[in-house]
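# Commentary on secondary and tertiary structure
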Amino acid sequence: MGRFVARRLLQMIPVFIGTTLLIFLMVYSLPGDPIKSLFGPKAADPATVARLRHEYGLDKSLLEQYWNYISGLFQGDFGQSFTGRPVADLMSEAFPVTIRLALLAFGFEVIVGIALGVLTGMRRGKFLDQFVLVLTLLVISVPVFVIGYVTQFLLGLKWKVITPTVQDSENLGQLMIPAIVLAALSLAYVIRLTRTTVGENLRADYIRTAVAKGLPRKRVVGVHLMRNSLIPVVTFLGTDLGLLMGGAIVTEGIFNIQGVGFTLFKAIQTSEGPTVVGIVTVLVLVYLLTSLLVDLLYAVLDPRIRYA
Amino acid sequence: MRGAKSATWVAGAIAVALTATACGGGGNDSDDNAAVNPDGTYTYYNVEPQNPIIPSNTNEVGGGYIVKNLFRGLVDFDEKSKLRLVAAESIDTTDNQTFKVKLKPGWKFHNGEAQTASSFVDAWNWAANAKNKQLNASWFEPIKGYDEVHPAEGDPKAEKLEGLKVTSDLEFTIELKKPVSTFKEQLFYDVFSPLPKAFYKDTKAFGEHPIGNGPYQQDGDWQHKVEFKTKKFADYKGDDKPKNGGVVFKFYNKDDAAYNDLVSDKLDIMYQVPNSMAGQYQNDLGKRAISQMFGGNTNISFPLYEAEWAKPEKVKVRQGLSMAIDRETIAKTALKGSKDAADGYTPKVVEGYQGGACGEFCKFDPAKAKELIKAGGGVPGNKITLTYNADGANKEWADAVCNDIRQNGGVECVTDPKPTFQQARADITERRMKSAFRMAWVQDFPNIQNFISAQYRTKAGANDMEFSDKAVDELMDKADASKTIEESNKLYAEAEKKIIQEQMPSIPLFFDHTLAGYSKKVQNVKFDSFRQAIWTDVEVKK
């Protein structure tokens, strides 16, 4: 187990270097000149452009720029954005907001998703099952921004239950509705996924054996059924956490939440290499860690899986 | 700079739903005589500033509107676009080349430091110095000695602008390289703001906690991407003392979100509602909706650096294309009144506007249009490609204009939307245009000079067409050298007429409107030609 974790952690190093280099190259090849565009529609004055280029190291070769960036990174320096602020500051503003939102959404997904999934899986064909199926189908077929705008319109503007946008990103109550909107799509998948595996495993031999042994129903469902059914769900949830963090841009825009998604979007628009690479690097790390966590969870859920 | 644009049609669908429910809404809720709380603050729509708040490094709206409230320069413009003295008691000149500035006594910075002549001169010297890499440094270009302080290459040869001299505690002189008749107007730019001594000690810290001399001072820390709070500055000596307690600049990523806040009174003033709400916001806001022309225009320009377009007979083609466009109808229908048909480059609300600069060439006349296009030998390549940036509100008019060119001019026309402003700009500034492209101008200051000189002078910074006409340049030089602003305005109007009627390097299309709105919490909200509220006049209801 220890060796497995160590090997996985070591694997992160090439992945990390590869992704940063790739993102660096991609940002570098974006059309438009980031320094000239700082001047807006006015003509950029060449003396200032040259000095700014030098300040941000853009007058060096691409590999040299990358080397400077990476060596800075290992000293804990994420570089400077073109606005003159350290990228670390930008990230420390955006990440807490996004983490709160993502965790809320994730919690919602896990609790409601698995609960409904198990319930419907065990009562296949009954009213609740049919109802949830139709509902999830609806959620899956409607784009997130439609759900977002409609929720905002109904709850915020028409019935005035919530404020249309998030006024205070530290207020979990205000983040609740955006989190539900953000979670909606994945929630639907979690329900369907759980429902299917629960339904399949219900007919499995070991469940029949467990029931035949005379085990209490609580134990059959809670331990035997759940543990085996959750493996695909956990895989999905693991990758989804990363998605919730980086891909919340639509929800963030609708509810005016100042999170990672929009910071990243803006940085790409202004070709701000250090910011894009910094944020994406952190997101990549989140992905790597969650997938490691998922792999470890497999072993917990299914004792047959062992890592050497 | 907006987010996912695919979302707009939903907003449109919701707008329809809103109309249905909002019938009769917005009636009596704008009672302009409610009791006023002089210490009440209000929220103002803005976007996160791109740069730290330093006047000489702020060149976009997000930071610009904050600078405008924290700082007061020598002059500014009133609601009617008339120049007035603010921190200056007098600015005297006899030749538009040497200016004697006398400051009003008793003015203070927010930290209590007295404002003196050096507050201005030192700030300008610092900002103009190439070493300090200020984005707005080129505004000092007319001042004598700029080329030494800010050479095109290499290190500055001098630390200070030769043309600036402090003559006493409250007096200084400005000497220019050559006469500029609108220099007094230009002094209005943020870049000419004074700075306190505290600035030079730590410019980085200052960018986060700016200290100005204006009616408002910063209140607490700048909460990045969330808000920037200001409060009334008790020691402010200007005439426009705030009638409210402070402005809170609230930052939004998407104007749709801000609009929803405005409608539900969570945001107090929005100077530009989303384009998708243009047909709708008057229903939502009733009397609290404002549609007003401001100092901005929308034109389409041609690459005169392309051999085909540079041919003298193509003037006729451009004028013909212009006459094929039914501006009035487009403004009314496709744009729902969010722009007015233009009759020249200079908008009506700008000082120096004379009317009719375009003459018959902006009148809709399909027959004459076809005739002119034919006389000019037709459009190069037999096709117009109209390039614009899709991240602004341009699709509606660009499609409509192209359609008119096709239908009334008999010329094939397609649009070429570039995803971002930045990409469109890169293609334009690197002179890669082959056909028509969008060229818009929002005033730096409300005077005809700004609309003509910045875009149509040979080698001017925003002359994206590479238009060059000796006679026009001479006329502008003459205008700049004139003694009075009235004389200068007249000469510029003459130049404008000459450009359009003899060359038409760009086709005047529209004068832009600001579509603004305010919440039930505020009153006495008026807008100027910069499409900004008169911040100090806004009253917060009790």
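Residues numbered from 1 in each chain as written. Chains lettered and ligands numbered in written order. Predicted model: local features only at pLDDT ≥ 70, side-chain atom pairs only at ≥ 80, totals over all residues. Heavy atoms only, no water.

The name given to chain B in an unreviewed UniProt entry is Oligopeptide transport system substrate-binding protein, and the organism recorded there is Streptomyces eurocidicus.

The name recorded for chain A in an unreviewed UniProt entry is ABC transporter permease, from Streptomyces eurocidicus.

Residues and elements named next belong to chain B. Mapping Thr298 onto the fold places it in strand β12 (residues 289-301). Given a relative accessible area of 2%, Thr298 falls into the buried group. Polar contacts involving the side chain of Thr298 include one to the side chain of Asp512, which spans 3.0 Å. (Helix = DSSP H or I, 4+ residues; strand = E, 2+ residues; numbered from the N terminus. Buried < 20%, exposed > 50% of the residue type's maximum accessible area, 1.4 Å probe, protein only. Polar contact = N/O pair within 3.5 Å; in protein donor to acceptor, adjacent residues only side chain to side chain.)

Right, let's talk about the sheet that holds strand β4 (residues 88-92) of chain B for a bit. Residues and elements named next belong to chain B. As summarised here, the arrangement of the four strands in space is β4-β5-β7-β6, forming an open sheet in which the pairing is antiparallel. Bordering the open sheet on either side are β4 and β6 (164-168), each of which pairs with just one other strand. For this sheet, the mean angle separating the axes of adjacent strands, direction not counted, is 20°. Relative to strand β5 (residues 98-103), β4 is paired through four bridges, and the arrangement is antiparallel. Residue pairing across strands places Ile91 opposite Val101, the latter belonging to β5. (Pairing = 2+ DSSP bridges. Axes fitted to C-alpha atoms, helices over the stretch in contact; angles between N-to-C directions.)

This brings us to the nonpolar core. The biggest cluster of nonpolar side chains holds 87 residues, and the ones touching the most others in it are Leu74(B), Trp124(B), Ile143(B), Phe172(B), Ile174(B) and Ile269(B). The residues touching Phe172(B), leaving out its near neighbours within four places in the chain, are Leu74(B), Phe99(B), Lys100(B), Val101(B), Leu103(B), Ala117(B), Phe120(B), Val121(B), Trp124(B), Lys165(B), Val166(B) and Thr167(B). (Core = buried A, V, L, I, M, F, W, Y, C linked by side-chain atoms within 4.5 Å. Contact = heavy atoms within 4.5 Å.)

Residue and element names in this part refer to chain B. Both strand β14 (residues 383-389) and strand β15 (residues 412-418) contribute to a ladder of seven bridges, which runs parallel. Each bridged residue has a counterpart across the sheet, and for Thr387 the counterpart in β15 is Asp416. With helix α14 (residues 395-409) bridging β14 and its parallel neighbour β15, the resulting β-α-β unit is right-handed. (Right-handed = clockwise from strand over helix to strand, strands pointing away.)

Quick look at the pattern of salt bridges now. Residues and elements named next belong to chain B. Summed over all chains, the structure comprises 40 salt bridges over all chains. Between Asp464 and Arg425 there is a salt bridge, with its nearest N and O atoms 3.0 Å apart. Residue Asp464 is found in the loop between α16 (448-456) and α17 (470-480), and its partner Arg425 is found in helix α15 (residues 421-429); the two are separated by 39 residues along the sequence. Here Asp464 and Arg425 have matching classes, each one buried. (Salt bridge = Lys/Arg side-chain N within 4 Å of Asp/Glu carboxyl O.)

The next point concerns the pairing of β12(B). Residue and element names in this part refer to chain B. The element β12 is extensively covered by neighbouring structure, given that 11 of its 13 residues are classed as buried. Sheet topology note: the β12/strand β17 (residues 506-518) ladder contains 10 bridges and is antiparallel. Paired with Ile290 across the strands is Ala516, a residue of β17.

This part takes up the interface of chain A and chain B. With 50 residues of chain A at the interface, the matching set in chain B holds 54 residues. Carbon and sulfur atoms make up 58% of the area that chain A and chain B hide from each other, which totals about 4,400 Å². Counting every contact that joins chain A to chain B gives four salt bridges. Asp155(B) is paired through a salt bridge with Arg51(A); the nearest N and O atoms lie 2.8 Å apart. Connecting chain A to chain B are 19 residue pairs in polar contact (both at pLDDT 80 or more). Those elements that place two or more of their residues in the side of chain A that touches chain B are α2 (46-55), α4 (87-122), α6 (144-158), α10 (249-254) and α11 (260-269) of chain A. At eight residues, the largest contribution of residues to the side of chain A that touches chain B is made by α6(A). Broken down by class, the residue content of the side of chain A that touches chain B amounts to 22 nonpolar, 18 polar and 10 charged. (Buried area = accessible area lost by both parts, 1.4 Å probe. Nonpolar A, V, L, I, M, F, W, Y, C, P; charged D, E, K, R; others polar.)

Before going further, it helps to examine the environment of Ala128(B). Residue and element names in this part refer to chain B. Residue placement: Ala128 occurs in helix α3 (residues 117-128). For the pair Ala128 and Lys348, spaced 220 residues apart in sequence, the C-alpha separation works out to 34 Å. Those residues in contact with Ala128, other than ones at most four positions away along the chain, are Ala137, Phe140, Tyr146, Val149, His150 and Leu161.

Before going further, it helps to spend a moment on the state of the cysteines. Throughout this description, disulfide means a covalent bond between two cysteine sulfur atoms. Residue and element names in this part refer to chain B. Following the criterion strictly, the structure yields two disulfides over all chains and no others. Between the sulfur atoms of Cys358 and its disulfide partner Cys362 the distance amounts to 2.0 Å. Linking Cys358 and Cys362, the disulfide has an S-S dihedral of approximately 80° and is accordingly described as right-handed. One disulfide bridge connects Cys402 with Cys413, the sulfur atoms lying 1.8 Å from each other. Here the disulfide of Cys402 and Cys413 is left-handed, its torsion about the S-S bond being about -85°. (Disulfide = S-S within 2.5 Å.)

Looking now at the UniProt feature "transmembrane region" (unreviewed entry) in chain A. Residue and element names in this part refer to chain A. Those residues carrying the UniProt feature "transmembrane region" (unreviewed entry) are residues 12-30, 99-119, 131-155, 175-193, 233-255 and 275-301 in this numbering. The annotated region residues 131-155 carries 92% helix and 0% strand content, and the separation between its end C-alpha atoms amounts to 23 Å. The annotated region residues 275-301 carries 100% helix and 0% strand content, and the separation between its end C-alpha atoms amounts to 39 Å. (UniProt positions renumbered as here; feature names shortened; annotations may be inferred.)

Here we take up the packing of α6(A) against helix α7 (residues 172-202) of chain A. Residue and element names in this part refer to chain A. Contact geometry for α6 and α7: axes closest at 9 Å, N-to-C directions at 150°. Comparing the axis directions of α6 and α7 gives the class roughly antiparallel. For the crossing formed where α6 meets α7, the hand is right-handed. Contacts from Val144, Ile147, Gly148, Thr151 and Leu155 in α6 reach Ile177, Val181 and Ala184 in α7. (Parallel < 35°, antiparallel > 145°, perpendicular 65-115°, else oblique. Left-handed = near helix turned anticlockwise from the far one by under 90°.)

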